[in-house]
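# Survey of secondary and tertiary structure
Here's the letter readout for the chains.
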Amino acid sequence: MAPKPSLPAVLVLQLQLLLLPGPAPVRSSSPLPLVLNTWPFRNATEAAWKTLALGGSSLDAVEGGCASCEVEQCDGTVGFGGSPDESGETTLDAMLMEGTTMNVGAVGDLRRIKNAIGVARKVLEHTTHTLLVGESATKFAQSMGFVDEDLSTKDSRALHSDWLAQNFVSLLPAVLVSPFVYISYQAVEYMRRGKDPTTACQKVIARIQKYFPNFFGAVICANVTGGYGAACNKLPAFTQFSFMVYNSLKSQPTEEKVDCI
Ligand SMILES: *[C@@H]1O[C@H](CO)[C@@H](O)[C@H](O)[C@H]1NC(C)=O
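What you see is a predicted model, and the numbers here were worked out from it, not measured in a lab.

### Points about the pairing of strand β2 (residues 17-20)
- Of the two faces of β2, both are covered, the one formed by Leu-17 and Leu-19 as well as the one formed by Leu-18 and Leu-20.
- Here four bridges tie β2 to strand β3 (residues 34-38), and the two strands are oriented antiparallel to one another. Bridging from a neighbouring strand, Leu-19 pairs with Val-35 of β3.

Written out as structure tokens, the structure reads:
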């Protein structure tokens, strides 16, 4: 019988954290539970694992791991003070999905609230919506007790000034985003048909390469037995992709790397 699939994590330049539930997270011969996140953000992995060890749910662990990066501004690509928009404001996006129910909570273009993943969790648990955006997301966050704060920093203001000075006229094309929903779906389908996670990841990357040879991206795949793998599209400035792994076979968050194809 082909192994049952599980959700792969996909990234475009941001943090993605994937958690497969399992028995209590003590060292044992089972590779579950499994925590995976994109990029070498060790403290995020650790935070997710610790949350589980303290009896938290998978959702708690994903929220805790992402929140740790929001506070640390991992790489400058997560949390406040990151990539400002055209008007110079940093806005945040976050999403979490509960794998057993497929329920989703998400915020997009969230303004003036630092803990975007926390707000996404509230959208999941306290509304019938899946996605709240912009000022509506902020209003909802305020009603849930989140505090308004300036998300700009010296760094984000400098990024914006540089951008203005270079007089860029175009933003990233929206088409960059759309293939990534497809990647997740296709990777899961490959695993459902019996491919191991690494092969599933490589096959989806290869398919995207046909249409977007210069896309910047990687994918991590995991199956329900705790197997995982990753692949990335090789570019001159992106030849290896790093991700973090923590499972019961490991005593600490472990960075793994894959050569891009
Ligand atoms: C990770 O956590 C440690 C201990 O709390 C801290 O000293 C370190 O600065 C953190 N790493 C990053 C990249 O923020």
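### Points about the state of the cysteines
- Counted by the stated rule, this structure contains three disulfides.
- With its sulfur 2.4 Å from that of its partner, Cys-201 forms a disulfide with Cys-221. Its S-S torsion of approximately 130° makes the covalent link between Cys-201 and Cys-221 right-handed. Taken together, the residues span a long stretch of sequence, with Cys-201 in helix α7 (residues 197-211) and Cys-221 in strand β7 (residues 218-222) at a distance of 20 residues.
- The exposure class assigned to Cys-201 is buried, which follows from its relative accessible area of 0%.

### Some words on the side chain of Ser-68
- Tracing the backbone shows Ser-68 in helix α2 (residues 58-72).
- Contact partners of Ser-68, with chain neighbours within four places excluded, come to Asn-43, Ala-44 and Ala-47.

### Focus: the environment of Tyr-246
- Relative to the helices and strands, Tyr-246 is located in strand β9 (residues 240-247).
- For the pair Tyr-246 and Thr-45, spaced 201 residues apart in the sequence, the C-alpha separation amounts to 6.9 Å.
- Each residue touching Tyr-246, except ones within four places of it in the same chain, is listed here: Pro-33, Leu-34, Val-35, Thr-45, Glu-46, Trp-49, Ser-251, Gln-252 and Pro-253.
- Within the structure, the side chain of Tyr-246 is placed 3.1 Å from the backbone oxygen of Ser-251, a separation counted as a polar contact.

### Concerning unusual backbone geometry
- Between Leu-32 and the following residue, Pro-33, the backbone shows a cis peptide bond with an omega angle of 0°.
- With respect to the element layout, Pro-33 can be found in the loop between β2 and β3.
- A positive phi angle is found at Trp-39, which is not glycine, with a value near 70°.
- Within the secondary structure, Trp-39 sits in the loop between β3 and α1 (42-53).
- Despite not being glycine, Arg-112 has its phi angle at roughly 65°, a positive value.
- On the secondary structure map, Arg-112 appears in the loop between β5 (103-111) and α3 (116-126).

### Digging into a positive patch on the surface
- Positive charge collects at one region of the surface, where Arg-193, Lys-195, Lys-203, Arg-207 and Lys-210 lie side by side.
- Topologically, Arg-193 is positioned in the loop between α6 (179-192) and α7.
- By relative accessible area, which is 60% here, Arg-193 ends up exposed.

The rules behind the values
Residues numbered from 1 in each chain as written. Predicted model: local features only at pLDDT ≥ 70, side-chain atom pairs only at ≥ 80, totals over all residues. Heavy atoms only, no water. Buried < 20%, exposed > 50% of the residue type's maximum accessible area, 1.4 Å probe, protein only. Helix = DSSP H or I, 4+ residues; strand = E, 2+ residues; numbered from the N terminus. Pairing = 2+ DSSP bridges. Disulfide = S-S within 2.5 Å. Contact = heavy atoms within 4.5 Å. Polar contact = N/O pair within 3.5 Å; in protein donor to acceptor, adjacent residues only side chain to side chain. Patch = residues over 30% accessible without salt bridge, like charges linked within 9 Å, V, L, I, M, F, W, Y side chains within 5 Å. Areas by Shrake-Rupley, 256 points an atom, 1.4 Å probe, with all protein chains shown as cover. Salt bridge = Lys/Arg side-chain N within 4 Å of Asp/Glu carboxyl O. Lys, Arg positive; Asp, Glu negative; His and termini not counted. Charge placed at Lys NZ, Arg CZ, Asp CG, Glu CD.

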